[in-house]
Amino acid sequence: YIHEQEEHLKEQEDKIEHLLPSLLLKQKMAGKGQVSEIFEGVRGVKTFFELMLREFTPKGVYYNLGHPRWSSELFNAYFVDFHRRRMEIGTTMKIIYNYDAWYWKQREKRTNTFVRVLPKDLMTPTYINVYNDIVGTIFPGEEPVCFMIRNKAVADSYREYFALLWKQAGKVKI
């Protein structure tokens, strides 16, 4: 019986030793307050937006910088539902559209939404979404890709960049 218990303890010890490096890495990363992920394809990008939506709060502000036409075309139906849910939560949105994306279609008025448009000669093929400590940079292509990082300092830096462009972007009426 004692021999069986010793073997069982040895197996447990081996498992712990095997898991320990990955647990230490996770602890180290948690201490830095940073996580990064890649979301691929249309479903992946929608997954990123759903992750952000779960974090929205009534007092929160969601920033969208350089929203391009290709994204409006590809995700139009999804964004209608996304913004309906965002507005139900009460999260404010500040968005800076690319010129062609803004004038591509008639825009509906949305509550808690503030809009500006980049000058016609300034286009951003990618766009940046920021909420709390989450930053997602979305790239176009046959299969769009979103690079997400969760880091307060990075998010704060992008909010400062957003504020700079907000001052230079044109005001629009809905």
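Residues numbered from 1 in each chain as written. Predicted model: local features only at pLDDT ≥ 70, side-chain atom pairs only at ≥ 80, totals over all residues. Heavy atoms only, no water.

Asks: Looking at this structure, I do not really get the overall build of the chain. What am I missing?
Replies: The number of helices and strands found in the chain is five helices and eight strands. Taken from the N to the C terminus, the helices and strands of the chain come in the order α-β-α-β-α-β-α-β-β-β-β-α-β. When the 174 residues of the chain are sorted by exposure, 37% land in the buried category. Across the chain, contacts joining residues at least 24 apart in sequence account for 69% of those joining residues at least 6 apart. Accessible surface, the chain as shown: approximately 10900 Å² in total, 56% of it carbon and sulfur. (Helix = DSSP H or I, 4+ residues; strand = E, 2+ residues; numbered from the N terminus. Buried < 20%, exposed > 50% of the residue type's maximum accessible area, 1.4 Å probe, protein only. Contact = heavy atoms within 4.5 Å. Areas by Shrake-Rupley, 256 points an atom, 1.4 Å probe, with all protein chains shown as cover.)

Asks: Would you explain the pattern of salt bridges in this entry?
Replies: When their charged atoms lie close together, side chains carrying opposite charge are able to pair. This model, assessed by the stated rule, comprises eight salt bridges. Among the ionic pairs, R84 bridges to D81, the shortest N-O distance being 2.6 Å. Residue R84 and its partner D81 are both found in helix α3 (residues 69–89); the two are separated by three residues, about one turn of the helix. Look at R84 and you get partly exposed, because its relative accessible area is 38%. When salt bridges that share partners are traced, they join E50, D81, R84, R85 and E88 into one network. (Salt bridge = Lys/Arg side-chain N within 4 Å of Asp/Glu carboxyl O.)

Asks: Mind showing me how you'd approach the sheet that holds strand β4 (residues 113–117) here?
Replies: Strand pairing within a sheet occurs via backbone hydrogen bonds; the two strands may be parallel or antiparallel. Across the sheet, which stays open at both edges, the eight strands sit in the order β1-β7-β6-β5-β2-β3-β4-β8 with mixed pairing between neighbours. Each edge of the open sheet is held by one strand with a lone partner, namely β1 (35–40) and β8 (170–171). As defined by bridge partners, strand β2 (residues 61–67) adjoins strand β3 (residues 92–97) across six bridges and the pair is classed as parallel. Across the sheet, L65 pairs through a bridge with I96, a residue of β3. This element, helix α2 (residues 41–55), spans β1, β2, β5 (127–131), β6 (134–139) and β7 (145–150) of the sheet and lies at about 140° to β1. (Pairing = 2+ DSSP bridges. Axes fitted to C-alpha atoms, helices over the stretch in contact; angles between N-to-C directions.)

Asks: Help me out: how do you make sense of the side chain of H83 in this one?
Replies: Note that H83 resides in helix α3. Side-chain polar atoms of H83 contact the side chain of R86, separated by 3.1 Å. Excluding residues that lie within four positions of it along the chain, H83 makes contacts with M93 and R110. (Polar contact = N/O pair within 3.5 Å; in protein donor to acceptor, adjacent residues only side chain to side chain.)

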